[in-house]
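# Analysis of the macromolecular model
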Amino acid sequence: MTDLHKALLEISAIRGQIARGAQFRGYGPATLAATGVLALLAAAAQAHWLKHPEREVSAYLAIWIATATLSLIIISIETIARARRVYCELANQMIHSAAEQFLPAIVAGLLLSVVLRRCAPQSLWMLPGLWQVVFSLGVFASCRFLPRPMFAVGVWYLATGLVCLALADGQRAFSPWAMGAPFGVGQMLVAAVLKFNHWETDERA
C-alpha cells in the first residue's frame, strides 16, 4: 500500500470519526412537520374511506405503509440536499452515520409487518403500537447526534405505542387516530426541536 493510499484511508477514518461525533443538521424542520401533516391526512382519509379497517386489514396496511414510504422519500431527498449544503465534503459520511442509526428501526418495522401478516394475522391488531415502539427505538438511537430534547420525542413515541397496545380492542385497534395522532404530533415535536436548535445555534454563531 502506497503512502498516498494510507493517507487517503486515514483521512476517510478521520472524517468518519467526525461524522459520528458531530451533531447532525441534515434534517429539515419544515420537512419533518410536513410528514406530521401527512400522517394526519392519512388518518382523515382512512376515517372517510375505510369504515371497517378490521375487516380490510390489507387496505389499512396499504394506507399506512404508503404514507410511511412517501414520508421516507420526502425526508431522504431533503436530508441529502441539506447535508450537502451544510457539510460539503463531509456530507456522505454524515448521511451514512445518520442512516445507520435509524435504518434498523425501519427494517424491523417492515419485517414485523410481513411476519405478522403472513404468520400471525390474528395478532395484527398489535401493529400500530409496535410500529410506534420500534420508531421510538430509532429516535433513541439517533439521539446521540441530535439535540438533547429529541429524547422527549422518543419517550412520546414509546408512550403512545404502549398505550395503543394496552387499549387496543377490536375496531379500536385499527382506529385511524391510533396512528394519525401519535405520528402527527410526534413529527411536529421533532420539527419543533430541530427548529429551536437551529435557531439557537445560529444565534450563538
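See above for the structure.
Described below are features of the structure shown in this document. Treat the numbers as computed from the prediction; the structure is a model and nothing was measured.

## Regarding the environment of G28
Looking at where G28 falls in the secondary structure, it is placed in the loop between α1 (3-21) and α2 (29-49). Sequence separation between G28 and V190 is 162 residues, and the spatial gap between their C-alpha atoms is 9.8 Å. Every residue in contact with G28, bar those within four places of it in the chain, is listed here: E78 and R82.

## Section: helix α6 (residues 150-167)
Taking 1.5 Å per residue, 18 residues should reach 26 Å; α6 reaches 26 Å between its end C-alpha atoms and fits that length. Of all the residues in α6, the buried ones are M150, V153, G154, Y157, T160, G161 and C164. One side of α6 holds all its buried residues, which, seen down the axis, span an arc of 135°. Facing away from the buried side of α6 by over 90 degrees, the exposed positions are A166 and L167.

## Some words on the packing of helix α5 (residues 127-142) against α6
Running from N to C, α5 and α6 point in directions that differ by 165°, and their axes come no closer than 7 Å. As judged from the angle between their axes, α5 and α6 are roughly antiparallel. In this structure, the crossing between α5 and α6 has a hand that is left-handed. Contact residues: α5 offers G129, L130, Q132, V133, F135, S136, V139 and F140, while α6 offers M150, F151, V153, G154, V155, Y157, L158, T160, G161, L162, C164 and L165.

## Description of α2
Here α2 spans 30 Å end to end across 21 residues, near enough to the 30 Å set by a 1.5 Å rise per residue. Buried within α2 we find P29, T31, L32, A33, T35, G36, A39, A42, A43 and Q46.

## Brief notes about a nonpolar patch on the surface
Nonpolar side chains collect at one region of the surface, where V37, L40, L41, W177 and M188 lie side by side and expose about 440 Å² of accessible area between them. Going through the elements one at a time, α2 and α7 (176-204) are the ones with two or more residues in the nonpolar patch. Element by element, the count of residues in the nonpolar patch is highest for α2, at three residues. Along the chain, the position of L40 falls in helix α2.

Quick notes on the rules
Residues numbered from 1 in each chain as written. Predicted model: local features only at pLDDT ≥ 70, side-chain atom pairs only at ≥ 80, totals over all residues. Heavy atoms only, no water. Helix = DSSP H or I, 4+ residues; strand = E, 2+ residues; numbered from the N terminus. Contact = heavy atoms within 4.5 Å. Expected span 1.5 Å × (residues − 1). Buried < 20%, exposed > 50% of the residue type's maximum accessible area, 1.4 Å probe, protein only. Arc of directions from axis to C-beta. Axes fitted to C-alpha atoms, helices over the stretch in contact; angles between N-to-C directions. Parallel < 35°, antiparallel > 145°, perpendicular 65-115°, else oblique. Left-handed = near helix turned anticlockwise from the far one by under 90°. Patch = residues over 30% accessible without salt bridge, like charges linked within 9 Å, V, L, I, M, F, W, Y side chains within 5 Å. Areas by Shrake-Rupley, 256 points an atom, 1.4 Å probe, with all protein chains shown as cover. Salt bridge = Lys/Arg side-chain N within 4 Å of Asp/Glu carboxyl O.

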